[in-house]
Amino acid sequence: MKNSGIGGQAVIEGVMMKNGNQYAVSVRKPNHNIEVTKGKQESITSRYKIAAVPVIRGAVKFAETLIMGMRTLNASVVEEEPEKPGGQNEKKENILMGIITIVAVILAVGIFVVAPFLISESLRRTIRLAPVRGLLEGVIRVALFILYVKLISLMEDIKRVFMYHGAEHKAINCVENGLELTVGNVKKQNLVHRRCGTSFMLFVMLISILFFMFIVIGNIWLRMLLRILLIPVIAGLSYEFIRFAGSHDGKVIRMISKPGLWLQSLTTAEPTEDMIEVAIASVEAVFDWRAFIADFKEEENIVMSDTTLAAAKEKESEGEIQDAEVISLDTSDEEEDEILNALDRYFIAPGKEEKS
């Protein structure tokens, strides 16, 4: 499997795919046509060196992904108004997205950071050890997240979003497995992917357990404030791991990635063929998958050629060793015969001469 560098997310009745600073949102309209909207989002990491530093870039990418996610999630239901002079529509949209993002962050912090902390602190008299309370806090946080995902999956619109999420993963997996991007090939692919945002969220919660278990400060409000302030750091570390896991393979990486892949079973569902078509349209709008697959196959052929050549050399060397062993055995037999003949001449011949 070769890393393509593309990523994306599901939106209402569609899929967003991003490659570099280009992104495309493909949605299935009520008239059954696929509408593709392309755009650019230049990351802050490309403009400021400090933003590209490991861990810091993770926090930046997390914020950018959150903003883009909120902007594109409702791409299929928000109708564009005629543009007003001075770009007023765009300004209104940016202000609205900013407000929605702030509200979403506040709610997420309240539910998944503050609430677990307050629950664990309410058991302070029962559980006196701070690390144990920190561990309990993390377990509650993960349980709340899983419960939240299960509850929203009961909504019909969210069910379809999860199906489009599955189509997004399958389309990327198809390309990264070196297969042509057709509906038939995409259908055969796996629903999970290591670079998924669901895995990222799980690692944010797991890494937060390690941080919060060892923050031992007397003042309860200061402890809560530190938990909020450390969110960007935890997000940055989680991003670095997901980035590393997405481009590397091995038993340890696969084992550590398992929980995130398991959690993706809650946020993905088997897509229909028309959903897969939408995901394919989104990939093709930002990524030249034909050139990628050609390079993929060329690299694969080179690896196979090198492997075949190495195997042939190994067999050839084994054959030379076997021949050498046969020769050495024959030589040793001849040497033994010469030694025996010499002994015969030495011991037997003199006796015969005495008799005569």
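Residues numbered from 1 in each chain as written. Predicted model: local features only at pLDDT ≥ 70, side-chain atom pairs only at ≥ 80, totals over all residues. Heavy atoms only, no water.

1. Regarding the overall build of the chain
Counting secondary structure elements, the chain contains 11 helices and four strands. Counting across all 356 residues of the chain, residues that qualify as buried make up 35%. Contacts in the chain between residues far apart in sequence, at least 24 positions, make up 67% of those at least 6 positions apart. Roughly 21600 Å² of accessible area belongs to the chain as shown, and the carbon and sulfur atoms make up 63% of that amount. (Helix = DSSP H or I, 4+ residues; strand = E, 2+ residues; numbered from the N terminus. Buried < 20%, exposed > 50% of the residue type's maximum accessible area, 1.4 Å probe, protein only. Contact = heavy atoms within 4.5 Å. Areas by Shrake-Rupley, 256 points an atom, 1.4 Å probe, with all protein chains shown as cover.)

2. What about the pairing of strand E2 (residues 14-19)?
As judged from the five bridges shared by strand E1 (residues 7-11) and E2, these two strands associate in the antiparallel manner. Paired with Val-11 across the two strands is Gly-14, which belongs to E2. Between E1 and E2, which follow one another and run antiparallel, lie two residues, and Glu-13 among them has a positive phi close to 60°. Here E2 runs beside strand E3 (residues 22-28); their pairing, made up of six bridges, is antiparallel. Paired with Val-15 across the two strands is Ser-26, which belongs to E3. (Pairing = 2+ DSSP bridges.)

3. Focus: unusual backbone geometry
You will see that Glu-13, though not glycine, has its phi angle at about 60°, which is positive. Among the secondary structure elements, Glu-13 is positioned in the loop between E1 and E2. With relative accessibility at 22%, the residue Glu-13 sits in the partly exposed group. Even without being a glycine, Val-55 presents a positive backbone phi close to 80°. Among the structural elements, Val-55 can be located in the loop between strand E4 (34-40) and helix H1 (56-73).

4. With respect to helix H7 (residues 220-229)
Turning to H7, its buried residues number three or more, namely Arg-223, Met-224 and Arg-227. Mapping the buried residues of H7 onto a view down its axis gives an arc of 100°, with all of them on the same face. Away from the buried face of H7 by more than 90 degrees, exposed residues Trp-221 and Leu-229 are located. Where H7 starts, the residue carrying a side-chain oxygen 2.8 Å from the main-chain nitrogen of Trp-221 turns out to be Asn-219. (Arc of directions from axis to C-beta. Polar contact = N/O pair within 3.5 Å; in protein donor to acceptor, adjacent residues only side chain to side chain.)

5. Looking at the confidence of the model for the chain
Overall, the predicted model of the chain reaches an average pLDDT of 79, with 76% of residues at or above 70. Here residues 324-332 scores under 50 on pLDDT; set against residues more than four positions off or in separate chains, the count is zero contacts. Residue range residues 349-356 is modelled with pLDDT below 50. Its contacts to residues more than four positions away, or to other chains, number two contacts. (pLDDT = per-residue confidence, 0-100.)

6. As for the packing of aromatic side chains
All told, the structure shown has five aromatic pairs when counted by the stated rule. Relative to Phe-241, the ring of Phe-203 lies with its centre 4.6 Å away and its plane at 45°, an arrangement referred to as tilted. Placement of the pair is Phe-203 in helix H6 (residues 197-213) and Phe-241 in helix H8 (residues 231-247), with a sequence separation of 38 residues. Owing to a relative accessible area of 7%, Phe-203 belongs among the buried residues under this scheme. Clustering of aromatic rings is evident, with ring pairs tying together Phe-112, Phe-145 and Tyr-148. Cation over ring: Arg-227 sits above Phe-212, and NZ or CZ is 4.7 Å from the ring centre. (Phe/Tyr/Trp six-rings, centres within 6.5 Å; stacked < 30°, edge-to-face > 60°. Lys NZ or Arg CZ within 6 Å of the ring centre and 35° of its normal.)

7. Focus: the packing of helix H3 (residues 130-152) against H6
Angle between the axes and distance between the axes: these two values describe a pair of packed helices. For the pair H3 and H6, the least separation of the axes is 8 Å and the interaxial angle reads 165°. Put simply, H3 runs roughly antiparallel to H6. The way H3 lies across H6 gives a crossing that is right-handed. Residues Ala-130, Pro-131, Gly-134, Leu-135, Glu-137, Gly-138, Val-139, Arg-141, Val-142 and Phe-145 of H3 form the contact with H6, whose participating residues are Met-201, Leu-202, Met-205, Ser-208, Ile-209, Phe-212 and Met-213. Here the contact of H3 with H6 is built from residues that sort into 12 nonpolar, three polar and two charged. (Axes fitted to C-alpha atoms, helices over the stretch in contact; angles between N-to-C directions. Parallel < 35°, antiparallel > 145°, perpendicular 65-115°, else oblique. Left-handed = near helix turned anticlockwise from the far one by under 90°. Nonpolar A, V, L, I, M, F, W, Y, C, P; charged D, E, K, R; others polar.)

8. Points about the nonpolar core
Membership of the largest hydrophobic core comes to 27 residues, with the highest contact counts inside it found for Met-17, Leu-181, Val-283 and Phe-287. Secondary structure elements with two or more residues in this core: E2, helix H4 (156-176), helix H10 (273-286) and helix H11 (289-355). Setting aside its immediate chain neighbours within four residues, Met-17 contacts Gly-7, Gly-8, Gln-22, Tyr-23, Ala-24, Glu-168, Ala-171, Ile-172, Ala-279, Ser-282, Val-283 and Val-286. Listed in part, the 13 residues of the second largest apolar core include Phe-203, Val-204, Ile-234 and Ala-235. (Core = buried A, V, L, I, M, F, W, Y, C linked by side-chain atoms within 4.5 Å.)

9. Points about helix H9 (residues 251-267)
Counted at 1.5 Å a residue, the expected span for H9 with its 17 residues is 24 Å, and the 25 Å between its end C-alpha atoms agrees. The axis of H9 is deflected most strongly, by about 40°, at Lys-258, and proline Pro-259 appears within four residues downstream. Along H9, the residues that are buried comprise Ile-253, Ser-257, Gly-260, Leu-261, Leu-263, Gln-264, Leu-266 and Thr-267. (Expected span 1.5 Å × (residues − 1). Bend = angle between axes of the 7 residues up to and from the residue.)

10. Things to note about the sheet that holds E3
Strand pairing in a sheet is mediated by backbone hydrogen bonds. Such pairs are either parallel or antiparallel. Pairing is antiparallel across the open sheet formed by four strands, whose spatial order is E1-E2-E3-E4. Edge positions in the sheet fall to E1 and E4, since each of these pairs with one other strand and no more. Between one strand axis and the next, the sheet turns by 15° as a mean value, whatever way the strands run. Set on the sheet, H10 makes contact with E2, E3 and E4; between it and E3 the angle comes to about 155°.

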